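Below are the chains, spelled out letter by letter.
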Amino acid sequence: MEESEGIRGWGCTPTGDPPPAAVVSNVSNPPVGCLPRWVTSGWRRNTLYGIIIFLLILVFLNIALTLWIISSLKLTARGIGPITIVKDGIRLDGQAWVVDNLIASTISSQPAQPISLNSHRNFTILVSEPDHVEHSKLIIKRDGVECSGKVFDVRDGKGGDVFFASREEVRVSAETLLVDGTGGLAVRSAVQTPLVRAPPGSDLQLESLTRRLDMRAPQSIYLESRAGSIDITSHSNIKLDSVVGAIKIDAPNIIINNLKEAKTTETSQKNSIEKKVYQLCACASGKLFLAASDAICAVQDNDTELCR
């Protein structure tokens, strides 16, 4: 009975080996489990091995994820995809979407290539100090362009002045300022220019709708029409006043229409109608009137309207 109890159950005895001889001992042996001995005896070592295997799996996953990110973003030693790091900054090939603010000292295109800046709403270019003190601003809106600053200067390709605007003055340095609108050019204060000229085939009109129109020059004012006439029309009076000099009219023909005629006798009136020649007379006030050629250049006493 004791021998059969010593070899009861196969336990963990390897297959094919003879069972050990029965050993009689007063100390009772602990029961043998079904798990291998290396599992139950070295659990700390096994836990360490499991952690190392788990870390190796994480490392391989990280490497695979890193390679996927590099391949997706096209990371290279010179940049990220279309963005290339150059000596003076970065170079972008293609299109770029700016979500918030773009801060740069210089934005330029590649040689012989255009550059386009698109915005779905407003486009703002701002020049300011680090403490957010604004100096100049250009805002391109959907319905207009707004520019704010001390001066606005436009130059040509050679650096010459074309247009200059500030609070004190607006200066146009071009050879010709052309206004094509049907309403013309409206000026509230004054215009100072060496020449006012209409384009070929068009009329030149200087007009003040509700107030007076003044033309002043320290030396002289010269009006010339090389291929047509000059018409001056006034609802009231037209006054020519020379303080020191004289008023000269130099023309082969001088025509003054609608002058009143002094009353004369019937004989003299008949002769004047046949000849159609009159005298040009003047009242004491300077008003001109006509008289018959063979009559006296005088006004009758009962004619009060002629020299009025």
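Refer to the structure above for everything that follows.
Description of the structure in this document.

Calculation criteria
Residues numbered from 1 in each chain as written. Predicted model: local features only at pLDDT ≥ 70, side-chain atom pairs only at ≥ 80, totals over all residues. Heavy atoms only, no water. Helix = DSSP H or I, 4+ residues; strand = E, 2+ residues; numbered from the N terminus. Buried < 20%, exposed > 50% of the residue type's maximum accessible area, 1.4 Å probe, protein only. Contact = heavy atoms within 4.5 Å. Core = buried A, V, L, I, M, F, W, Y, C linked by side-chain atoms within 4.5 Å. Phe/Tyr/Trp six-rings, centres within 6.5 Å; stacked < 30°, edge-to-face > 60°.

**Overview of the environment of L195**
You can see L195 is positioned in the loop between β10 (170-172) and α4 (266-275). Residue classification places L195 among the exposed residues on the basis of a relative accessible area of 54%. For the pair L195 and T176, spaced 19 residues apart in sequence, the C-alpha separation works out to 9.6 Å.

**Considerations on the side chain of S166**
Inspection of the secondary structure assignment puts S166 in strand β9 (residues 161-166). Residue S166 is classed as buried on the basis of its relative accessible area, which comes to 17%. When residues no more than four places from it in sequence are discounted, the contact partners of S166 are K150 and V151.

**Details of the nonpolar core**
A262, C281, C283, F289, A291 and L306 together form the largest nonpolar core, which totals 6 residues. If we skip the residues at most four places from it in the chain, A262 touches F289, L290, A298 and L306.

**Digging into the packing of aromatic side chains**
Overall, the coordinates contain 1 aromatic pair when judged by the stated rule. For the pair F152 and F163, a centre-to-centre distance of 6.2 Å together with 65 degrees between the ring planes defines the contact as edge-to-face. Of the two residues, F152 is situated in strand β8 (residues 151-155) and F163 in strand β9; the sequence distance between them amounts to 11 residues. You can call F163 partly exposed: its relative accessible area is 27%.

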